[in-house]
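# Fold and geometry: a report
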Amino acid sequence: MTDTETPNYNAFKGEIWSQKINAGLDKTCVMLQCVNRDYQGDADKGTAKINIITPLEVTTGTYTGSIDSYGAAPSKKLQLELNQSVYFGFSVPDIDQAQSNVNIMDAIVGKAKNAVEQAIDTYIFGLNSKAPDGNILGKTTAVGLTSANIYTQFVKLAKLLKNSGAVNAEKQGWVVVHPDVEELLLLCSQFVSASNLGSTTITTGSIGKIAGLEVFVSSNVGKETSGYTILAGTKDAITYASQIKKIETLRAQSSFDSIVRGLYTFGALAINPDALAVIKATVS
């Protein structure tokens, strides 16, 4: 396209950009590896507020030939709101070229994805505040982590999830750490890297296991002014859904390029806080 030509907006395919951004997030966004997407179907229909009803208890008892009462089955009503929004925008000299050149397309989408990814990681990780007090190690006084004691502390962390019924033979746990904590793990003899797990199936993005927990690392989360927060849980703990509300193109005012911009909305909800556990720590 020359400087005097009108941009071919008919060539713009918003669904291509949407698919590539979503696919990239699903593959690399750390916190998306740790949540369930059970209600994504509702979000795909355009629903911004998703009602969730979950049973709290099931009546049980010793069978003696008859069942006298089934009791009530109280339920918990929750609402998943897609109330978080992130926008992205970038200039594209030639829409046709960008969409047909894989390298250019991937580079552009990658930058947009990174901005959205940081927002998702930060928001979902922030739900560590929903963990019950009994599932927090170092709540009053931060736990001082070293390569010598980190395994013991992670065993305690995993035990919290087991005691709450979150982790069992069918449900495995995960833990998300900052790279500063990862450094201690790599110096710990009990840490098993992904490369040494052989045929054992682990989630994409996991660097390995310790104390039965799959380990994920993100520089987006976990480091605070006073120390570090380490978050563990299972996929039952948090549900997540998202929508790319709009991707559109328009003419740049100060150049002969086109602008591609998009709006990504999402929401996450701790539907089972007992399946979350936290260490408040310092690192030395």
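Right, let's walk through the structure included here. None of these values were measured; they are calculated from a predicted model.

### Considering the overall build of the protein
Across its full length, the protein carries six helices and 14 strands. Dimensions of the protein, computed from the C-alpha atoms along their principal axes, are close to 85 × 55 × 40 Å. Burial statistics for the protein: of 284 residues in total, 44% are counted as buried. Nonlocal contacts in the protein, meaning residues at least 24 apart in sequence, comprise 78% of its contacts between residues at least 6 apart. By element, 49% of the accessible surface of the protein is carried by carbon and sulfur atoms, the whole surface being about 15,000 Å².

### Notes on the nonpolar core
Formed by 73 residues in total, the largest nonpolar core has its most connected members in Ile120, Phe154 and Ile230. A total of eight residues in this core trace back to one element, the largest contributor, which is helix α4 (residues 102-125). Beyond its immediate stretch of four places on either side in the chain, Phe154 contacts Val175, Val177, Leu185, Ile210, Ala211, Leu213, Ile230 and Ile279. Tyr39, Ile52, Leu269 and Ile271 belong to the second largest nonpolar core, which has nine residues in total.

### As for the side chain of Asp121
Relative to the elements of secondary structure, Asp121 occurs in helix α4. Of the side chains bearing the opposite charge, Lys113 lies closest to the buried Asp121, which forms no salt bridge; the N-O distance is 8.9 Å. A polar side-chain atom of Asp121 sits 3.0 Å from a polar atom in the side chain of Asn220. Dropping the residues within four chain positions of it, Asp121 is found in contact with Cys29, Val30, Met31, Ser218, Asn220 and Val221.

### A look at the sheet that holds strand β12 (residues 238-251)
Strand order across the open sheet formed by three strands is β3-β13-β12, with antiparallel pairing between neighbours. Each of the sheet's edge strands pairs with one partner strand only, and the pair in question is β3 (84-92) and β12. Between one strand axis and the next, the sheet turns through 15 degrees on average, direction left out of account. Looking at chain direction, β3 and strand β13 (residues 258-270) are connected through nine bridges and run antiparallel.

Each value, and the rule that gives it
- Residues numbered from 1 in each chain as written.
- Predicted model: local features only at pLDDT ≥ 70, side-chain atom pairs only at ≥ 80, totals over all residues.
- Heavy atoms only, no water.
- Helix = DSSP H or I, 4+ residues; strand = E, 2+ residues; numbered from the N terminus.
- Buried < 20%, exposed > 50% of the residue type's maximum accessible area, 1.4 Å probe, protein only.
- Contact = heavy atoms within 4.5 Å.
- Areas by Shrake-Rupley, 256 points an atom, 1.4 Å probe, with all protein chains shown as cover.
- Core = buried A, V, L, I, M, F, W, Y, C linked by side-chain atoms within 4.5 Å.
- Lys, Arg positive; Asp, Glu negative; His and termini not counted.
- Salt bridge = Lys/Arg side-chain N within 4 Å of Asp/Glu carboxyl O.
- Polar contact = N/O pair within 3.5 Å; in protein donor to acceptor, adjacent residues only side chain to side chain.
- Pairing = 2+ DSSP bridges.
- Axes fitted to C-alpha atoms, helices over the stretch in contact; angles between N-to-C directions.

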